[in-house]
Amino acid sequence: MLARAKRDATMLALKLQEDAGIDIVTEGEQSRQHFVHGFLENIEGIDFAHKVEMGIRKDRYKAMVPQVVAPLRLKGRVHADEARIARTHTARMLKFTLPGPMTIIDTIADQYYGDRVKMAFAFAELLNEEARALQADGVDVIQFDEPAFNVYMDEVNDWGIRALERAAEGLTCATAVHICYGYGIKANTDWKQTLGSEWRQYEEIFPAIAKSPIQQVAIECRNSHVPLELLGLLTGKVVQAGVIDVASDAVETAEDVAEVIDAVAKFVPKSNIVATTNCGMAPMHRYIAEAKLMALGAGARLARLKLG
């Protein structure tokens, strides 16, 4: 029954996106309880039975997390069912998200490796195994979600991007990395209040990302304090511009969305802009998320008319 419910939810998520006019759809992560743990649940060497409390994102908030207790190995395919269901039920381009190596190790306790970098690369190898299989399933875009990239900037430059590249190694489909300031949960919104009027953290890592083979960068732009001029540092990249605020229940208008796209176009060639949401909408009421999807589709259409 649970497998059937997950299948039905995936199909509904696809239909809602198509009805909203979304060109690049996802399976909506309908089979996952959490964007990181959904991947970890199918890995040997992780103990979910004895979770421990750990600080996340440099102690921004506390969470009960599983522990790595032995060498990491995939038990088998992780996301085959939902990827194949999604591919079967849509003719549109299909994007699939996976947690990035740095974000994974910032969301799990280590009782085995004793080395953050070593553990990150162990996860990168497993991510690559699943990503290659997703590509074979017909996925068009594989995106690695790395919210930890705006917290550990020195480590991003030292090894984070290399771990990301290992996760994407050998892929011929489009590859993307998503960086953001987090879901619209209280711990994140409170933290954002401490960051001042301009959020320039990305200035430290965008040049290195620009040099990497990762082709696309998903970044929040709507109601963000990130100066849009920083997008100019992502030379040659497709920018998935977040034009929907996931930290507010206020539903954008098509004009709101088109306005953000127009602002981004001052720093990114319009042919390299893909409109998207700032982050996932999992914490939102469904009716609000659906209305925001409709605004995303309508706003993108309006922007095409305005920008040509």
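Look up a bit, the structure's there.
What counts, and at which threshold
- Here the residue numbering is sequential within each chain, running from 1 through the sequence in written order.
- Per-residue local features are limited, in this predicted model, to residues with pLDDT of at least 70; the limit for side-chain atom pairs, both in listing and counting, is 80 or more; totals at the level of whole chains, interfaces and linings are taken over all residues.
- Remark: hydrogens and water are excluded; side-chain values derive from all non-hydrogen atoms of the structure.
- Comment: elements are numbered from the N terminus, with helices defined as DSSP H or I runs of at least four residues and strands as E runs of at least two.
- Atoms counted for the radius of gyration: C-alpha only. Globule rule: 2.2 Å times residue count to the power 0.38.
- Summary of the burial criterion: residues with accessible area below 20% of their type's maximum are buried, those above 50% are exposed, and those between are partly exposed, where the area comes from a 1.4 Å probe applied to protein chains only.
- Only heavy atoms matter for contacts: two residues are in contact if any of them lie within 4.5 Å across the pair.
- Residue-level accessible areas treat just the shown protein chains as cover; the underlying method is Shrake-Rupley with a 1.4 Å probe.
- His residues and chain termini do not enter the charge count, which takes Lys and Arg as positive and Asp and Glu as negative.
- By convention, the point assigned to a charge is CZ for Arg, NZ for Lys, CD for Glu and CG for Asp.
- Bend, in this description, refers to the angle at a residue between axes fitted to the seven residues ending there and the seven starting there.
- In this analysis, axes come from line fits to C-alpha atoms, helices being fitted only over the stretch in contact, and the angle between any two N-to-C directions falls in the range 0 to 180 degrees.
- Any angle from 65 to 115 degrees is called roughly perpendicular, while one under 35 is roughly parallel, one over 145 is roughly antiparallel, and all others are oblique.
- Take the far helix as your reference; a near helix turned counterclockwise from it by less than a right angle gives a left-handed crossing, and one turned clockwise gives a right-handed crossing.
- Pairing between two strands requires that DSSP report at least two bridges joining them.

## Observations regarding the overall build of the protein
Phase 1 of the analysis: In terms of helices and strands, the protein carries 10 helices and 10 strands.
Phase 2 of the analysis: For a compact globule of 308 residues, the expected C-alpha radius of gyration is about 19 Å, and the protein comes in at 18 Å, within 12% of that figure.
Phase 3 of the analysis: With respect to the three principal axes, the spread of C-alpha positions in the protein is 55 × 45 × 35 Å.
Phase 4 of the analysis: Counting the 308 residues in the protein, one finds 54% classified as buried.
Phase 5 of the analysis: In the protein, of all internal contacts separated by at least 6 residues, the share reaching a separation of at least 24 is 76%.
Phase 6 of the analysis: Accessible surface for the protein amounts to roughly 13600 Å². Of this, 50% is attributable to carbon and sulfur atoms.
Phase 7 of the analysis: Once the 35 positive and 42 negative side-chain charges of the protein are each reduced to a mean point, those two points are 3 Å apart.

## Topic: unusual backbone geometry
Phase 1 of the analysis: Positive phi, close to 55 degrees, is recorded for E29, a residue that is not glycine.
Phase 2 of the analysis: Looking at the secondary structure, you find E29 in the loop between β1 (24-26) and α2 (37-40).
Phase 3 of the analysis: For N223, which is not glycine, the phi torsion reads 55 degrees and is therefore positive.
Phase 4 of the analysis: For N223, the location among the structural elements is in the loop between β8 (216-220) and β9 (238-244).

## So, helix α6 (residues 153-167)
Phase 1 of the analysis: Along α6, the sharpest kink reaches roughly 55 degrees, centred on W159.
Phase 2 of the analysis: Among the residues making up α6, those that are buried are M153, V156, W159, G160, I161, A163, L164 and A167.
Phase 3 of the analysis: Looking at the buried residues of α6, the elements they touch are α4 (101-105), α5 (116-136), β6 (141-145), β7 (174-179) and α8 (206-211).

## Some thoughts on the packing of helix α9 (residues 254-264) against helix α10 (residues 286-307)
Phase 1 of the analysis: At their nearest, the axes of α9 and α10 sit 7 Å apart, and the two run at 55 degrees to each other. Between α9 and α10, the interaxial angle falls into the category oblique. Crossing handedness for the pair α9 and α10: right-handed. Residues A254, E255, V257, A258, I261 and D262 of α9 lie in contact with α10, whose contacting residues are A295, L296, A298, G299, A300, L302, A303 and L307.

## Here we look at the sheet that holds strand β2 (residues 43-56)
Phase 1 of the analysis: On the basis of which strands lie adjacent, the open sheet formed by three strands has the order β2-β3-β5 and mixed pairing. This sheet does not close on itself; its edge strands, each paired only once, are β2 and β5 (109-110).
Phase 2 of the analysis: Bridge count between strand β3 (residues 61-74) and β5: two bridges; the pairing is parallel. The residue bridging V68 from the neighbouring strand is D110, located in β5.
Phase 3 of the analysis: Its contacts with the sheet put α5 on β2, β3 and β5, and the angle it makes with β3 is roughly 70 degrees.

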